[in-house]
Amino acid sequence: MDSLGGLLLRISVLLYGSGGVLALLPGITEPEFIRRCVLAHNTQRSRTAPPAASARSMSWDNELAKGARDRARHCKASHHPGLAHFGHPLFGWMGENIWLGAPFSAFSVENAIHRWSKEGAYSLKNNNCSHLCGHYAQLMWSTSFKLGCAVNVCSKGIENFSPHPESTIFVCNYGDTGHVHGVTPYGVACSGCGSEICRDNVCRYDWFPGWGYGPPSSAYSISYWLTNLGTCLLGVCWLLHFYATH
């Protein structure tokens, strides 16, 4: 765990006054919170045993984070009933993991995600667990590549969990959804990466999603179009040579 980051997070979260607990929680757009959520997920995904065949590295999604924030603010120990109708530009169904604890000092991004990774003893061969492991399956789901998380302190407690005034809920939403009945979360040993790079036991994809705003930089864009133009010209030259010699 990032000890300095964890200390600063705890210092910033709870201030006691006449009005009760004032929660100054990390926002879903704060770079340090985003970095820790993404890093903790990818770290756990890289440690599957045996290593995953084609698990995608995860990155942040603002819309998923907004959904997680909305659910965390409801202070309920249950999953969102409308994840299939969230209105995301890419995903229809989305996954969701929830961590609950009290007091707030029991929470850290890393500890919550680590707990999900230790939920039950998963057997890839039998595709089952010694205990319930829906959080683990979603955390490790190979085709999930976007996430968004939020944390909230519920001063009136969390429904169906605890009335403690520092009851804390941490929610992460995922696209693509995971934990599909009868389907294994991942295959074996990076074998599904194809021509992509396998690094830290996850596939590193050099691409950008279709709903984005194009290549990440002008240099990338120029390189992309020059490469495709060169390929096109080679194809034309080959066809001309073929017809000239036949």
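Right, let's walk through the structure included here. These figures come from a predicted structure and were not determined experimentally.

Relative to the helices and strands, valine 151 resides in strand S7 (residues 146-154). Judged by relative accessible area, valine 151 falls into the buried class, the value being 7%. In this view, valine 151 contacts Leu25, Pro26, Phe33, Phe104, Phe107, Thr168, Ile169 and Phe170; residues no more than four positions away in its chain are not counted.

The first and last C-alpha atoms of helix H3 (residues 62-73) sit 17 Å apart over 12 residues, in line with the 16 Å expected at 1.5 Å per residue. Leu64, Ala65, Gly67, Ala68, Arg71 and Ala72 are the residues of H3 that are buried. Taken down its axis, H3 places every buried residue within 160° of arc, on the same side. Buried residues belonging to H3 abut strand S3 (59-60), strand S4 (95-101), S7 and strand S8 (167-175). The N-capping residue of H3, defined by a side-chain oxygen 3.1 Å from the backbone nitrogen of glutamate 63, is aspartate 61.

Attention shifts here to the packing of aromatic side chains. Taken as a whole and assessed by the stated rule, the structure comprises 7 aromatic pairs. With centroids separated by 5.7 Å and ring planes inclined at 65°, the aromatic side chains of phenylalanine 91 and phenylalanine 145 adopt a geometry described as edge-to-face. Taken together, the residues span a long stretch of sequence, with phenylalanine 91 in the loop between H3 and S4 and phenylalanine 145 in the loop between helix H5 (134-140) and S7 at a distance of 54 residues. The exposure class assigned to phenylalanine 91 is buried, which follows from its relative accessible area of 7%. Note on phenylalanine 145: relative accessible area 8%, which makes it buried. An angle of 45° between the planes, with centres 5.7 Å apart, marks the rings of phenylalanine 104 and phenylalanine 107 as tilted. With relative accessibility at 2%, the residue phenylalanine 104 sits in the buried group. Assessed through its relative accessible area of 1%, phenylalanine 107 is described here as buried. Through pairs of rings, three or more aromatic residues link up here, namely Phe33, Trp60, Trp99, Phe104, Phe107, Trp116 and Phe170. When the ring centre of phenylalanine 145 is taken as origin, the NZ or CZ atom of arginine 56, which lies over that ring, is 4.9 Å away.

The buried fraction of S7 amounts to 9 of the 9 residues, a majority that puts the element mostly inside the structure. Because side chains alternate across S7, one face comprises the buried residues Lys146, Gly148, Ala150, Asn152 and Cys154, and the other comprises Leu147, Cys149, Val151 and Val153, equally buried. In terms of strand pairing, S3 meets S7 through 2 bridges, oriented parallel. Looking at the pairing, tryptophan 60 lines up with leucine 147 of S7. Pairing of S7 with S8 involves 9 bridges; the strand directions are antiparallel. Of the residues in S8, the one forming a bridge with alanine 150 is valine 171.

Applying the stated criterion across every chain, the model contains 3 salt bridges. Two residues, arginine 36 and glutamate 110, come together in a salt bridge whose shortest N-O distance is 2.8 Å. One end of the pair, arginine 36, is in helix H2 (residues 31-45); the other, glutamate 110, is in helix H4 (residues 109-117), with 74 residues separating them in the sequence. Residue classification places arginine 36 among the buried positions, given a relative accessible area of 5%. Owing to a relative accessible area of 18%, glutamate 110 belongs among the buried residues under this scheme.

Definitions and cut-offs
Residues numbered from 1 in each chain as written. Predicted model: local features only at pLDDT ≥ 70, side-chain atom pairs only at ≥ 80, totals over all residues. Heavy atoms only, no water. Helix = DSSP H or I, 4+ residues; strand = E, 2+ residues; numbered from the N terminus. Buried < 20%, exposed > 50% of the residue type's maximum accessible area, 1.4 Å probe, protein only. Contact = heavy atoms within 4.5 Å. Expected span 1.5 Å × (residues − 1). Arc of directions from axis to C-beta. Polar contact = N/O pair within 3.5 Å; in protein donor to acceptor, adjacent residues only side chain to side chain. Phe/Tyr/Trp six-rings, centres within 6.5 Å; stacked < 30°, edge-to-face > 60°. Lys NZ or Arg CZ within 6 Å of the ring centre and 35° of its normal. Pairing = 2+ DSSP bridges. Salt bridge = Lys/Arg side-chain N within 4 Å of Asp/Glu carboxyl O.

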